[in-house]
Amino acid sequence: MAENQRENIIQAASEKMRLLGIRSVSIDDICSELGMSKKTFYVYFETKDALIDALLRRREEALVAEVERKTKNKQVVDLLLNLMKVLKDLKDVRQVPPLLYDLKKYYPQQLQAHLQRLKLINRNLVAHYLQQGIQEGFFRQDVNVEVTARIIAALHQVMMDKLAEAQNHPSIVSDSKVAMDIFFRGLISEEGIKQIVLRNNKI
């Protein structure tokens, strides 16, 4: 019961803040939405900052679950080709949403902690798929997974920073394609090249 109530608070706050921004949504607003007293709210979250941290952690969990869902039972060659297609089809960059704007302006500590956790999640995911690709023969057997994962994750972070700070930046897509070309040409094995050719011939 207590866990359900906590989840209800997170979901209500997430929906309101997604639409209106964090700054515009008060604890009173959330309590009114759920028909609960502030005393009950404080049983689950001592402050609004604590609620925001829980909300961000929940978004991180949802991100990992979504990645796992979309990549389940798929080979790395197919994941890479799909990523290339996404970059090719990317036409513009969306505006920074109110949630991110408010985090940067009013809750920088929570944002920095969130970004640090995302970096770790990203690096771990990259390492996982590098290892999978090695097992499938797609990547070279002598690839240093830990070091390569760090470098790729760092490059990905550079791209994300550009997306957040400079909408419609003309170099975002081209820079990403160049970086991917440099790294993956060095990582893909001869067998991996054959896999790509085979997939392309089937399209």
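Residues numbered from 1 in each chain as written. Predicted model: local features only at pLDDT ≥ 70, side-chain atom pairs only at ≥ 80, totals over all residues. Heavy atoms only, no water.

Time to look at the overall build of the protein. Scanning the protein from N- to C-terminus turns up 10 helices and 0 strands. The order of helices and strands in the protein, counted from the N terminus, is α-α-α-α-α-α-α-α-α-α. In the protein, buried positions account for 34% of the 203 residues. Sequence separation of at least 24 residues holds for 75% of the intrachain contacts in the protein that already meet a minimum separation of 6. Summed over all atoms, the accessible surface of the protein reaches about 13,000 Å², with 54% contributed by carbon and sulfur. (Helix = DSSP H or I, 4+ residues; strand = E, 2+ residues; numbered from the N terminus. Buried < 20%, exposed > 50% of the residue type's maximum accessible area, 1.4 Å probe, protein only. Contact = heavy atoms within 4.5 Å. Areas by Shrake-Rupley, 256 points an atom, 1.4 Å probe, with all protein chains shown as cover.)

This next bit is on helix 4 (residues 48-71). Under the 1.5 Å per step criterion, the end-to-end length of helix 4 is 35 Å for 24 residues, consistent within 8% with the ideal 34 Å. When helix 4 is considered as a whole, its buried residues turn out to be Lys48, Leu51, Ile52, Ala54, Leu55, Leu56, Glu60 and Thr71. (Expected span 1.5 Å × (residues − 1).)

With that settled, consider the side chain of Asn122. Summarising the element assignment, Asn122 is placed in helix 7 (residues 108-135). Not counting residues within four places of it along the chain, the set of residues in contact with Asn122 comprises Ala153 and His156.

Okay, the confidence of the model for the protein next. Overall, the prediction assigns the protein a mean pLDDT of 86, with 85% of residues at 70 or greater. Predicted confidence is poor over residues 91-95, with pLDDT under 50, and the contacts of this stretch with residues over four places away or in other chains come to 7 contacts. (pLDDT = per-residue confidence, 0-100.)

In the Ramachandran plot, Asn73 falls in the positive-phi region, its phi being about 65° despite a non-glycine side chain. By the element assignment, Asn73 lies in the loop between helix 4 and helix 5 (76-89).

When we look at a pair of aromatic rings, we describe it by the centre distance and by the angle of the planes. For the structure on display, the rule yields 4 aromatic pairs. A centroid spacing of 5.9 Å and a plane angle of 40° characterise the contact between Phe41 and Phe45, whose relative ring orientation is tilted. The exposure class of Phe41 is buried, given its relative accessible area of 0%. When its relative accessible area of 2% is taken as the criterion, Phe45 is described as buried. When the ring of Phe138 is compared with that of Phe139, the centres are 5.0 Å apart and the planes differ by 65°; the resulting orientation is edge-to-face. (Phe/Tyr/Trp six-rings, centres within 6.5 Å; stacked < 30°, edge-to-face > 60°.)

What follows covers the pattern of salt bridges. Side chains carrying opposite charge are able to pair once their charged atoms draw close together. Counted under the stated rule, the structure contains 13 salt bridges. For Arg57, the salt bridge is made with Asp53, and the minimal N-O distance between the two is 3.0 Å. Here Asp53 and Arg57 lie together in helix 4, a separation of 4 residues that amounts to about one turn. Overall, Asp53 belongs to the partly exposed group, its relative accessible area being 23%. We note a salt bridge from Glu66 to Lys70, for which the minimum N-O separation is 3.5 Å. With a gap of 4 residues between them, Glu66 and Lys70 both fall in helix 4, about one helical turn apart. Glu66 gets classed as partly exposed once you look at its relative accessible area, which sits at 31%. The network of salt bridges with shared partners includes Asp53, Arg57, Glu60 and Arg117. (Salt bridge = Lys/Arg side-chain N within 4 Å of Asp/Glu carboxyl O.)

Of note, Phe45 is situated in the loop between helix 3 (38-44) and helix 4. Sequence separation between Phe45 and Ile10 is 35 residues; the distance between their C-alpha atoms is 10.0 Å. Apart from the residues lying within four places of it in its own chain, the contact partners of Phe45 are Arg6, Ile9, Ile10, Ala50, Leu51 and Ala54.

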